[in-house]
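An overview of the molecular structure
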Amino acid sequence: MKNIQQLFKIAQTAMQNAYAPYSKFKVGAAILADNQKTYSGCNVENISYPCGTCAEAGAISAMIADGGHKIKKILIVSDGKKMITPCGTCLQRIKEFSNADTEIILTDAEKNFYHYQIADLLPQAFKEF
Ligand code: THU
């Protein structure tokens, strides 16, 4: 079982590789999946701004492509000072592959870890139609 410090290191490595020349705000995400494997992602911006992708999206894609199904833990880091909170779109992405026990660990520059569940961050999520 990967502990949170290991996930933090994996997310930091991804963050360092982020391509963020426009916002200059680097983000990294690390997932521990239901298959016990870890996946990471970083934001990848584009000169056509809407083409850019978030760190969480990259990590989720890596998990799905490798056969993972659910997020057990996802840890997100940025190179900003304040606690990074996933954007609304990424909360919806995380929701798709989470359950009530999924741990969402947000961090700040002082290496504080803040623990949430998806219901804390995306209450009343769209989930059926
Ligand atoms: N960003 C992420 O990668 N994840 C989030 O949850 C919030 C925002 C990225 C997108 C963009 O490259 C930069 O941060 C500034 O918005």
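Residues numbered from 1 in each chain as written. Predicted model: local features only at pLDDT ≥ 70, side-chain atom pairs only at ≥ 80, totals over all residues. Heavy atoms only, no water.

1. Let's talk about the overall build of the protein
Applicable threshold: Helical segments are the DSSP runs of H or I of at least four residues, strand segments are the runs of E of at least two, and each set is numbered from the N terminus. The globule rule used here is 2.2 Å times the number of residues to the 0.38 power, and the radius of gyration it is set against is calculated over C-alpha atoms. Relative accessibility thresholds used throughout: buried, under 20% of the residue-type maximum; exposed, over 50%; partly exposed, between the two (1.4 Å probe, protein chains only).
When helices and strands are tallied, the protein shows 4 helices and 5 strands. Counting from the amino terminus, helix and strand elements in the protein follow one another as α-β-β-α-β-α-β-β-α. For a compact globule of 129 residues, the expected C-alpha radius of gyration is about 14 Å, and the protein comes in at 14 Å, within 12% of that figure. With respect to the principal axes defined by its C-alpha atoms, the protein has extents near 35 × 35 × 30 Å. Sorting the 129 residues of the protein into buried and exposed places 39% on the buried side.

2. Points about the site of the ligand
In plain terms, the rule: The criterion for a residue being near a molecule or strand is simple. One of its heavy atoms has to lie within 4 Å of it. Between N or O atoms, a polar contact is any pair within 3.5 Å; within protein, one atom must be a potential hydrogen donor and the other a potential acceptor, and residues adjacent in sequence are included only when both atoms are from side chains. Accessible surface is estimated by sampling points in the Shrake-Rupley manner with a 1.4 Å probe; for residues, cover comes only from the protein chains shown. Classification used: nonpolar for Ala, Val, Leu, Ile, Met, Phe, Trp, Tyr, Cys and Pro, charged for Asp, Glu, Lys and Arg, polar for all others including Gly.
In the vicinity of the ligand, the contacting residues are Ser23, Phe25, Val27, Asn43, Glu45, Cys54, Ala55, Glu56, Pro86 and Cys87. The separation between an oxygen atom of the ligand and a polar side-chain atom of Glu45 is 2.5 Å. With respect to the ligand, the backbone of Cys87 contributes an N or O atom lying 3.0 Å from an oxygen atom. Contact with the protein chains hides 77% of the accessible area of the ligand, taken as 370 Å² for the molecule alone. In terms of residue class, the shell around the ligand is made up of 6 nonpolar, 2 polar and 2 charged.

3. Quick look at the nonpolar core
Inside soluble globular proteins, nonpolar side chains tend to come together where they are buried. Using the following cut-off: We call a set of buried residues a nonpolar core when its members are Ala, Val, Leu, Ile, Met, Phe, Trp, Tyr or Cys and they connect through side-chain atoms within 4.5 Å of each other. Residue contacts are counted whenever heavy atoms from the two residues lie within 4.5 Å of one another.
With 20 residues, the main nonpolar core has Ile31, Ile71, Ile74, Ile76 and Ile94 as its most contacted residues. Taken together, the elements giving at least two residues each to this core come down to β1 (27–33), α2 (55–65), β3 (71–78), α3 (88–96) and β4 (103–107). Residue contacts for Ile71: discarding those within four places in its chain leaves Ile31, Leu32, Ile60, Met63, Ile94, Phe97, Ser98 and Thr102. Judged by nonpolar contacts, the second largest core, of 10 residues, contains Phe8, Leu75, Val77 and Ile105.

4. Re unusual backbone geometry
Even without glycine at this site, Lys111 takes up a positive phi of about 65°. Within the secondary structure, Lys111 sits in the loop between β4 and β5 (113–116). The residue Gln124 is not glycine, and still its phi comes out positive at about 60°. Position of Gln124 among the secondary structure elements: in the segment after α4 (118–121).

5. Topic: the pattern of salt bridges
A side chain with one charge may pair with a side chain of the opposite charge, provided their charged atoms come close. Spelled out, the test is: In the sections that follow, a salt bridge refers to a side-chain nitrogen of Lys or Arg positioned within 4 Å of a carboxyl oxygen of Asp or Glu.
Summed over the entire model, instances satisfying the criterion amount to 2 salt bridges. Between Asp66 and Lys37 there is a salt bridge whose closest N-O contact spans 2.7 Å. Here Asp66 is found in the loop between α2 and β3, whereas its partner Lys37 is found in the loop between β1 and β2 (38–42), with 29 residues between them in sequence. With a closest N to O distance of 2.9 Å, Glu103 and Lys73 form a salt bridge. Taken together, the residues Glu103 in strand β4 and Lys73 in strand β3 connect sequence positions 30 residues apart.

6. What to know about the packing of aromatic side chains
Describing an aromatic ring pair means giving the distance of the ring centres and the angle of the ring planes. What counts, and what does not: Only Phe, Tyr and Trp rings take part, Trp by its six-membered ring, and two of them pair if their centres are within 6.5 Å. Stacked means planes under 30 degrees apart, edge-to-face means over 60, and tilted covers everything else.
Across all of its chains, the model carries 3 aromatic pairs by this definition. Judged by centre distance (5.6 Å) and plane angle (40°), the rings of Tyr22 and Tyr49 are tilted. On the criterion of sequence distance, the pair formed by Tyr22 in the loop between α1 (4–16) and β1 and Tyr49 in the loop between β2 and α2 is long-range, its members being 27 residues apart.

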